[in-house]
Amino acid sequence: MTSGLVFALAGVALFAMGAAGVLLLAELMRRVLAFNIMGSGAFLVLVGLAQRNDVPDPVPQAMVLTGIVVAVAATALALALARRYQALGGRDELAGDD
Amino acid sequence: MTANELLPLAVLASSLLPGLVIFALPEERVALRTALNLAGAFAKIGLVALLVAGVAAGEDYVFRYAVLPGIDLVFKADALALLFITLSTVLWLFTTLYAIGYLEGAPHRSRFFGFFSLCVTATMGIAMAGNLFTFFVFYELLTLSTFPLVVHRGTEKAMRAGTIYLAYTLVGGTALLVGIVWLHSLVGHTEFAHGGIASALGEGQAGALKAIFLLLIAGVGVKAALVPLHGWLPQAMVAPAPVSALLHAVAVVKAGAFGIVRIAYEIYGIEFAQSLGLLLPLAVLAAVTILWGSLRALFQDDLKKRLAYSTVSQVSYIALGVALFGPLGTIGGLVHLVHQGVMKITLFFCAGNYAETLGIHKVSEMDGAGRRMPWTTAAFSVAALGMMGAPLTAGAVSKAWLGDGAEAAGMGWALWVLWASSLLNAAYFLPILWRAWARPLPAAWPDEHIPARGRRETAWLLLLPPLATAALTLTFGIFAEAEWSPLAWAKLIAQREYLQAAF
Amino acid sequence: MTEPLPWLILLPLAWATATFLLGPGRGAWLAIAGIAVQCGLTFALAGQLLAEGPQPHAAGGWAPPLGIALAADGLAAVMLLLTQGVALLLALYARGYFAPGDQAARHFWPLAGFLLAGMNALFLAADLFNLYVTLELVGLAAVGLVASGGGAAQLGAALRYLFATLLGSGAYLLGVALVYGAYGTVSIELLLPLVDADVPRAVWFAAALMLAGLMLKTALFPFHFWLPPAHGGAPAPVSALLSALVVKASFYLILRLWLGPFAPLAAAIAWLPALLGSAAILWGSWRAIRAERLKLLVAWSTVAQLGYLFLIFPLIAAPGPALAAGVMQAVSHGLAKAAMFAAAGVVIHVTGRDTVAGVAGVAGRLPLTLFAFALAGVTLMGLPPSGGFLAKWLLIDAALAQGAWALAAVVIAGGLLAAVYVFRVLRQAFLDAPAVEAAHPAPPLLEWTAFALAAASVLLGLRGMELLRLLSVGSAG
């Protein structure tokens, strides 16, 4: 098993855990963190699988950088919305589906 | 674009454009609205006269516009189209006049006349449709533009009727659509053509063609109020009288009956339809409808409901004429398309007059109405006698040709149906006439709105249209052999569209 | 500006920033002017495509793989046209909708700009990773728009939407990573010859992840849970933008992948989207029929109408009008749904009530708005002569040609169910009802823009040929 594959499998596992968290957790803060774990998993797969012949491939590095920027922006938005939601309703989880 | 292409479009525009302007008019612009309505109606009469002259001389009026690859919007003013167009155009004028009188002072008149014009436009489109695609477009447009008219009064009862109307017509439209697309996928086009287009597929596709025929007839049968698809028509009676007149005589049921004619003659071809064994079931269905409608009419006390069931019965004469394999039946069916329209619109105008003037809605309230409103009742009597097929009326002409057609086709049972229907017609119309003319005046009318003033029994705009259409009923009966009569035109159509294929 | 492609992305970014600085008053006009220019550019692009065929473009002169490649074909041009056209009318609508000093307007204009930039970039992006970035841009801007109403319910809907959209694009990103791992490229063009029917399992997994993520973002049943609260709760111009355009963006991407790199894999699972689409039509229509609130009815109708888009997938491999049907449905639904939300917004503004019962008597007071609602309804029901009718015709035609009777039956049933919920509203509107006391006057700008959108959705039925001609430029399918 190459180190790339190990990274990739670990990434998939992280992604799965994160996705389950986003879906299943109730508390907003935890869901935001779960989203970040999910994103990190995807980045790990991207970097891990691209390590062929031990020559670093610049393209996935660029992609991951871009992805991190996006993830930071999304996290910031989620935190801002969650804070405001809590301030308005005093709750830290979403009301049930209608 | 040549003049021959423009003329069919102009016929559409002559009611569409006034209708669109009327929508935008404020409620109180009565004079302008009336002027627009009448200008449109008269312009249309002029345009249709041009078309009639041209078609009689053998001109072709076709307009074609590609909507999708292989699918065209086609308007074609041929002899059959003009039969329907002329009827609708003339009756539109009378109905407009009547509606102006009927709705005086009522709310939402701009909306009413706007949709009224759209409804006539849709009827024109149905009449001039050159293929099933175009037919369907305007068939659905007719549904949409009549719904606001049916629910015009805005009461819960009107809404219920409107919902029932929509349920029937939209489901019917769906069946029609499936039939059309299916046919289109088999044949590659849906053009109306003399002798039909389905025969190109041959007997190999007989199963599919029978199923398509069923879908198409079910689709148009809803508007033609074929039993058991007629349930909406008596419900739609809650609409104002001009709307009932429009539904029953000019637009909706006629669109259905006209569709049956087009489908049988120009999609399937009458010979091919016969060889597929499609005509006999259609004839039986029409016969059942004729008898069932008449039977139900017998037991209605509500005047407009009785007329509605009478329509159910009478419109199927047209379907019966189509299904009688032979030119005589065709002529009878086609001429009845016009005759039934003229007679039934008279009856609804008169029913509206009784309701508006005296508040009479029921047959049991009709006692003495003839003494109070002799002119209206005279018009009513002429039309009712016409429906029974009394001599000198238009109805007699229709029945004579249909009877001959039945005999020529070797369908003697159809003759019995016609006789039985005439007897039933007499059974539900004569009591009304007897009450109106022979029974004494009641102590008070149910709800008298318009007091009699001298010889004027009701408002002029309410009285003149039924008198005019009653006069037409007599004229078409007495001068049936004249060269301008509907009968002569029906013969021309049969010659061009039927015999050409038959011989 | 001889090259319209980059400007379609830069221009909305520029005015989005400027409107944030200028504030909603002058900013609104700047935005409207910007979108008008985008409209012109898109028409220029469409003309160019029809004349010369598809053109690739490397942004800033940087070649892929590190540079950003843009490409436009007929499909992209149709979506761009729809987007700019609807956005222009909705911008005018929004100008009249937001009262001066409305906090929501401060956020609306910049976010709308970012949203449009993201959408245009998405339609033009030529590689899978850039598509991911545009997806996120669209998603985040849309979430911000949903939240712009500022109420607790809207923020809740926005958060729900945010998690859904992040999960969707996360799945997409993982798929992209796996594809890159397998092939070493994310360029759609380069991937085309590489993918065949017996690909490694990782690529199957990648395709499944990407499509599932995009379906989540398109709110395909059963992933629709986030849509009704988000679209039904936002201010009317936002609901219109989201329902008409944003969900189409991820559908566009599914279509791209399905017809492009994943075509060899797609045939095996083609029935799945159709099955889900059928369920969406039935369930969405049912919920719309049962809805008490007007905007929620319209939102559930979106769930149903999106289902039609997915019915085309089993038919799309064979020659026939399936693709045309899908795109026609996307365009006519976009116009009609924008019109319907805009009209609902006027009704709610005037009557002050967001309930179906509150529509009573509107026919007399807001005839133009009601007419707009009805025309939009005609398109949704698929009645002639609307664009929706052409879509329905093409879809049934394609289904019957391939013997897919079940699909035709779903289309038919969906049309009748749509009639039930549309006439539920219209019927209410025609009822005679006493005027509401707290009635506000209806601004003509709102009424006319709603009407223009609805009229466009109906008149599209007469211009189907042009649309299909543009669609066929460089068509992959």
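These numbers come from a predicted model, not from an experiment. Residue numbers restart at each chain and count upward from 1, following the sequence in its written direction. Working convention: letters from A go to chains and numbers from 1 go to ligands, in the order in which they are written. At least 70 in pLDDT is required for a residue's local features to be given in this predicted model, at least 80 for side-chain atom pairs to be given and counted, and no such filter applies to totals for whole chains, interfaces and linings, which use all residues. Side-chain metrics rest on all non-hydrogen atoms present in the structure, leaving aside hydrogens and water.

Before going further, it helps to examine the overall build of chain B. By the criteria applied, helices consist of DSSP H or I runs no shorter than four residues and strands consist of E runs no shorter than two, each listed in order from the N terminus. Per the secondary structure count, chain B includes 20 helices and two strands. Atoms counted for the radius of gyration: C-alpha only. Globule rule: 2.2 Å times the number of residues to the power 0.38. Taking 2.2 N^0.38 as the reference for a compact globule, 503 residues should give roughly 23 Å; the C-alpha atoms of chain B span a radius of gyration of 21 Å, in line with that estimate. The principal-axis extents of the C-alpha atoms in chain B amount to approximately 70 × 55 × 45 Å. Type-normalised accessible area, obtained with a 1.4 Å probe on protein chains alone, sets the label of each residue: buried when under 20%, exposed when over 50%, and partly exposed for intermediate values. Burial analysis of chain B (503 residues in total) assigns 63% to the buried set. Contacts between residues were defined by any pair of non-hydrogen atoms, one from each residue, lying within 4.5 Å. Look at the contacts in chain B between residues 6 or more apart in sequence, and 79% of them connect residues 24 or more apart.

Tallying the contact residues gives 35 residues for chain C and 38 residues for chain A. Each partner contributes to the roughly 3200 Å² buried at the junction of chain C and chain A, and carbon and sulfur atoms together form 82% of this total. Buried area: the accessible surface (1.4 Å probe) lost by two parts on joining, summed over both. When the area that chain C buries against chain A is broken down by residue, the three leading residues are F163(C), L167(C) and Y180(C), summing to 21%. Salt bridges are identified by distance alone: a Lys or Arg side-chain nitrogen within 4 Å of an Asp or Glu carboxyl oxygen. Taken together, the connections running from chain C to chain A amount to zero salt bridges. Breaking the side of chain C that touches chain A down by element, the ones donating at least two residues are helix 5 (128-147) and helix 6 (152-183) of chain C. Among the elements that make up the side of chain C that touches chain A, the one with the highest residue count is helix 6 of chain C (20 residues).

Bringing the packing of aromatic side chains into the picture now. All names here are of chain B. Each pair of aromatic rings taken from Phe, Tyr and Trp, with Trp reduced to its six-membered ring, is defined by centres within 6.5 Å and is described as stacked if the planes are under 30 degrees apart, edge-to-face if over 60, and tilted in the remaining cases. In this structure the tally under the stated criterion is 38 aromatic pairs over all chains. Seen in terms of ring centroids, F112 and F116 are 5.5 Å apart; in terms of plane orientation they differ by 20°. Their pairing is stacked. Of this pair, F112 and F116 both sit in helix 4 (residues 109-128), four residues apart, roughly one helical turn. In terms of burial, F112 and F116 fall into one category: buried. Look at F380 and F429: their rings are 6.5 Å apart centre to centre, the planes differ by 75°, and that puts the pair in the edge-to-face class. Of this pair, F380 sits in helix 16 (residues 374-388) while F429 is found in helix 18 (residues 412-438), placing the two residues 49 residues apart along the sequence.

Glancing now at unusual backbone geometry. P228(B) follows V227(B) through a cis peptide bond whose omega is 5°. Tracing the backbone shows P228(B) in the loop between helix 7 (206-223) and helix 8 (232-235). A cis amide bond links P384(C) with the next residue in sequence, P385(C), at an omega value of 0°. Here the phi dihedral of A225(B) falls at roughly 60°; this positive angle occurs in a residue that is not glycine. Along the polypeptide, A225(B) turns up in the loop between helix 7 and helix 8. Even without being glycine, L392(B) reaches a positive phi, approximately 75°. Residue position: L392(B) is located in the loop between helix 16 and helix 17 (394-408).

Facing 31 residues of chain C, the contacting portion of chain B comprises 37 residues. In total, about 3100 Å² of surface goes out of reach between chain C and chain B, with carbon and sulfur atoms giving 80% of it. Counting the surface chain C buries against chain B, the share from its top three residues, W393(C), R427(C) and F430(C), is 25%. At the surface where chain C touches chain B, the tally comes to one salt bridge. One salt bridge in this structure joins E156(B) and R427(C), with 3.9 Å as the shortest N-O distance. By the criterion applied in these results, polar contacts are pairs of N or O atoms within 3.5 Å in which, for protein atoms, one can donate a hydrogen and the other can accept it, and in which residues neighboring in sequence qualify only through two side-chain atoms. Inspection of the chain C/chain B interface yields four residue pairs in polar contact (both at pLDDT 80 or more). Mapped by element, the contributors of at least two residues to the side of chain C that touches chain B are helix 15 (362-365), helix 16 (367-381), helix 17 (387-401), helix 18 (405-430) and helix 20 (464-471) of chain C. Residue contributions to the side of chain C that touches chain B peak at eight residues, all from helix 17 of chain C. Only Asp, Glu, Lys and Arg are considered charged, only Ala, Val, Leu, Ile, Met, Phe, Trp, Tyr, Cys and Pro nonpolar, and every remaining residue, Gly among them, polar. For the side of chain C that touches chain B, the class distribution of residues is 23 nonpolar, three polar and five charged.

Let us look at the domain arrangement of chain C. Residue and element names in this part refer to chain C. Along its sequence, chain C is organised into domain 1 (1-268) and domain 2 (270-477). Either an automatic procedure or a domain database provided the assignment from which the domain bounds are taken. For domain 1 versus domain 2, the distance between C-alpha centres works out to 22 Å. Contacts between the two partners involve 48 residues from domain 1, matched on the other side by 47 residues from domain 2. Here domain 1 packs against domain 2, burying approximately 4100 Å² in sum over the two surfaces, 82% of which is carbon and sulfur. Our count for the domain 1 to domain 2 interface comes out at zero salt bridges. Across the contact surface, domain 1 and domain 2 share eleven residue pairs in polar contact (both at pLDDT 80 or more). Elements with a contribution of two residues or more to the side of domain 1 that touches domain 2: helix 2 (24-52), helix 3 (74-97), helix 8 (201-218), helix 9 (227-233) and helix 10 (236-259). In terms of residue count, helix 3 provides more of the side of domain 1 that touches domain 2 than any other element does, 13 residues in total.

For soluble globular proteins, nonpolar side chains are generally found buried alongside one another. F135(B), Y268(B), L128(C), Y172(C) and L255(C) are the most contacted members of the largest nonpolar core, which has 434 residues in total. For this core, the leading source of residues is helix 14 (residues 322-351) of chain C, giving 21 residues. Of the residues that make up this core, three or more belong to each of domain 1 (1-268) and domain 2 (270-477) of chain C. Once residues lying within four places of it in the same chain are set aside, the contact partners of Y268(B) are G195(B), G196(B), A198(B), L209(B), I212(B), F213(B), L216(B), I263(B), A273(B), L276(B) and L278(B). Joining through side-chain atoms within 4.5 Å is the link that ties buried Ala, Val, Leu, Ile, Met, Phe, Trp, Tyr and Cys residues into a set, and such a set is a nonpolar core.

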